[in-house]
Amino acid sequence: MTAGNNEHRQIGRRAGAQFGGDRFGRREGRGALFRPSGERVGGVWHHNTYPGAACDIPSHLYEFSFEPNPRWSRRFAPQVEIQAYLEDVARRHGVLDRIHTGTEVQRASWDDERNRWILETSAGTHEAEILVTACGQLSVPSVPPLPGLESFAGPSFHTARWRHDVDLTGKRVAVVGTGCSAIQVVPAIQPTVEHVDVYQRSPGWTFPKMDFAYRERTKRLFGRYPALQRLDRAITFAFMELGAAAMTSQRWMRRPFRAIARRQINQAIEDPGLRRKVTPADEIGCKRVMLTDDWYPALTEPNVDLVTDRIEAVTPAGIRTADGTERPADVLVLATGFASHGFTAPMEIVGSGGRTLAEEWAGVPRAYLGVSVPRFPNMFLLYGPNTNGGTGSVIYTIEAAVQHVIGALGELERADARRIELRRQTADAFDHELRAALSGTVWHTGCTNWYVDENGNDPSQWPWLWSTYRRRAAQIEPGVYEVGAPEPAPDRAS
Ligand SMILES: Cc1cc2nc3c(=O)[nH]c(=O)nc-3n(C[C@H](O)[C@H](O)[C@H](O)COP(=O)(O)OP(=O)(O)OC[C@H]3O[C@@H](n4cnc5c(N)ncnc54)[C@H](O)[C@@H]3O)c2cc1C
């Protein structure tokens, strides 16, 4: 998480066992969901081991450009393979030895005098010249405040904290949520459980995933002719860019996407009642479009019920909905997504002049290209604010952001300086441009989604193409950063 001239104190001590929290990963006392540090590298792929967990972007795009993997078993690789790939890349590039796993950074503060970041971690203090946060947007489980949740008598857990010790065979399972995790979990567990009740708040559009296993011969061809794999990646990228255009600027392109999505429902489901329940009223893309081939077929199985009545309470024996029906459950699975707007939270970050990142953001996280924030010198965010999209590979985006960080560090080196900081004017101009573009995107057409908060602010989405992100991040435009001398401190009272 940090780079630079390291002074380690105790930090090498493994601290994994101390991370507790309740059964959903929540911890008392910090007023926030517990944000764990991983015991292994892999991030979400280390934490999300639920049945059916897999990529929803073709793997030839969801991989590092410098480490193409011709051996993916499927077009959309399962979690186990992605985790193994990430660990393998880290090992081969000598990164594993430099990572302190099981160590949470709780506070990072900038020392104006010494031009250094001081990190307080669960394993001691650490200093660095450069701070790069890579906390992810989807690493803190979101647990809805369902009345009676704690009273449930059986095992209950979030999809990102899957209890592999709980055998679901022959059990009645309640799955709360119908988002990206649920649509993978339900088809995976349906054949073994006695019954699944799936609780839906609002449906999302889906799109055929067209997943398939690669034949040995195809994998050999990819290995022997890397250009083939690059071609596949380029075609996938082009298709994703079409999706990005449809979500952001080219409204007319949503119509064919919607027609395909509707056809997928109609082909899989005959029952008009069920069709109605799963068909969203909002624009395609407003909520994240979910890629799946087996979600609707699973819902038509006799041991699956889609419940659309509002959950009134969780009881010791099951779930009661607003119509008064109580459905029994042996196991409760929360497929309720993540608290995605914290970015670096619950870590506290204190920048130049003692101003915290939370104060700087004042409820709406924002950063130039999702990477830099004024008054936070020598700090860079990866997968930061407004670098998410409805389509595309986050790995691609992170690589582009890393290029930006390298460029910025190059500026620092060339100037033989010790401090680089985003200019306030750059931040304001970019933010203005970004908000204007966001207002015309599909994400602001009135649905509830995890991008836009209850006040209509959108700290999540990138409103242009991904090639635009790469192009803009690749260069450090003149005057964007102040290198060397700090700008005068802002008026704290304003
Ligand atoms: C189930 C699931 C499936 C997904 N599928 C796709 C997909 O198919 N395609 C796609 O493009 N994206 C997908 N995503 C999005 C995913 O978040 C990104 O692709 C990618 O994992 C982001 O990588 P990251 O390293 O930025 O963050 P993460 O993978 O979230 O890793 C962040 C790590 O930092 C740790 N951390 C956080 N705060 C601290 C702290 N203070 N101290 C120490 N450690 C800390 C976290 O515990 C975590 O281990 C998926 C997300 C989920 C949850």
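Note: the structure precedes this text.
Here the residue index of a chain counts from 1 through its sequence in written order. Only residues with pLDDT of at least 70 get local features here, since the model is predicted, and only at 80 or more are side-chain atom pairs given and counted; chain-wide, interface and lining totals rely on the full set of residues. Side-chain metrics in this entry use all non-hydrogen atoms of the structure; hydrogen atoms and water are not considered.

Colleague: Could you give me a rundown of the pattern of salt bridges, with the residues and numbers involved?
Modeller: Should a side-chain nitrogen of Lys or Arg be within 4 Å of a carboxyl oxygen of Asp or Glu, the pair is scored as a salt bridge. As enumerated under the stated definition, the model contains 30 salt bridges in all. One salt bridge connects Arg 172 with Asp 197, and the closest N-O pair in it is separated by 3.8 Å. Here Asp 197 lies in strand β9 (residues 195-199) and Arg 172 lies in strand β8 (residues 172-176), a separation of 25 residues in the sequence. Note on classification: 1.4 Å probe, protein chains only; a residue is buried when its accessible area is under 20% of the maximum for its type, exposed when over 50%, partly exposed between these limits. Using a relative accessible area of 2% as the deciding quantity, one classes Asp 197 as buried. Here the salt bridges share partners, and the residues they tie into one network are Glu 67, Asp 88, Arg 91 and Arg 92. Per the convention used, a helix needs a DSSP run of H or I reaching at least four residues, while a strand needs a run of E reaching at least two, with both numbered from the N terminus.

Colleague: Report on the layout of surface pockets, specifying residues and quantitative values.
Modeller: What the second largest pocket holds in volume is close to 440 Å³. Only protein atoms enter the 1 Å grid, on which a cavity is a set of points fitting a 1.4 Å probe that cannot get out and a pocket is an open set with protein on both sides within 12 Å along at least 5 of 7 lines, lining residues being those with an atom within 4 Å of a point. Surrounding the second largest pocket, 24 residues form its lining, Phe 207, Pro 208, Phe 239, Met 240 and Leu 291 being those nearest its centre. Those elements giving two or more residues to the lining of the second largest pocket turn out to be α5 (226-248) and β11 (290-291). By residue number, the principal contributor to the lining of the second largest pocket is α5, which donates six residues. Grid points are joined across faces, edges and corners, and a volume is the space filled by probe spheres set on the points.

Colleague: Report on the state of the cysteines, specifying residues and quantitative values.
Modeller: Cysteine sulfur atoms that pair up within 2.5 Å are treated as a disulfide. One pass over the full model with this rule turns up one disulfide. The disulfide that involves Cys 286 links it to Cys 447, with 2.1 Å between the sulfurs. Disulfide Cys 286-Cys 447: torsion about the S-S bond near -95 degrees, hence left-handed. Residue Cys 286 is located in the loop between α7 (272-278) and β11, and its partner Cys 447 is located in the loop between α11 (424-438) and α12 (466-474); the two are separated by 161 residues in the primary sequence.

Colleague: Any details on the sheet that holds β8? Residues and values, ideally.
Modeller: Pairing is parallel across the open sheet formed by five strands, whose spatial order is β7-β16-β8-β9-β12. Each edge of the open sheet is held by one strand with a lone partner, namely β7 (156-158) and β12 (304-307). The mean inter-strand angle of the sheet, taken between neighbouring strand axes irrespective of direction, is 20 degrees. Strands are labelled as partners when DSSP assigns at least two bridges between them. Relative to β12, β9 runs parallel, the two being bridged by four bridges. Following the sheet pairing, Tyr 199 is matched in β12 by Val 307. Contact definition: two residues touch when any of their heavy atoms are within 4.5 Å. To get an axis, fit a line to the C-alpha atoms, keeping to the stretch in contact for a helix; angles then go from 0 to 180 degrees between the N-to-C directions. Helix α3 (residues 182-189) contacts β8 and β9 of the sheet and is inclined by roughly 170 degrees relative to β8.

Colleague: So what's going on with the pairing of strand β5 (residues 124-128)? Residues and values would help.
Modeller: Note on strand geometry: in a regular strand, side chains alternate between the two faces of the sheet. Of all the five residues making up β5, four are buried; the element is thus mostly covered by neighbouring parts of the structure. Direction of pairing for strand β4 (residues 116-121) relative to β5: antiparallel, over a ladder of five bridges. When the sheet's bridge partners are listed, Leu 119 is paired in β5 with His 126. Linkage of β4 to β5, two consecutive antiparallel strands, is achieved through a turn of two residues.

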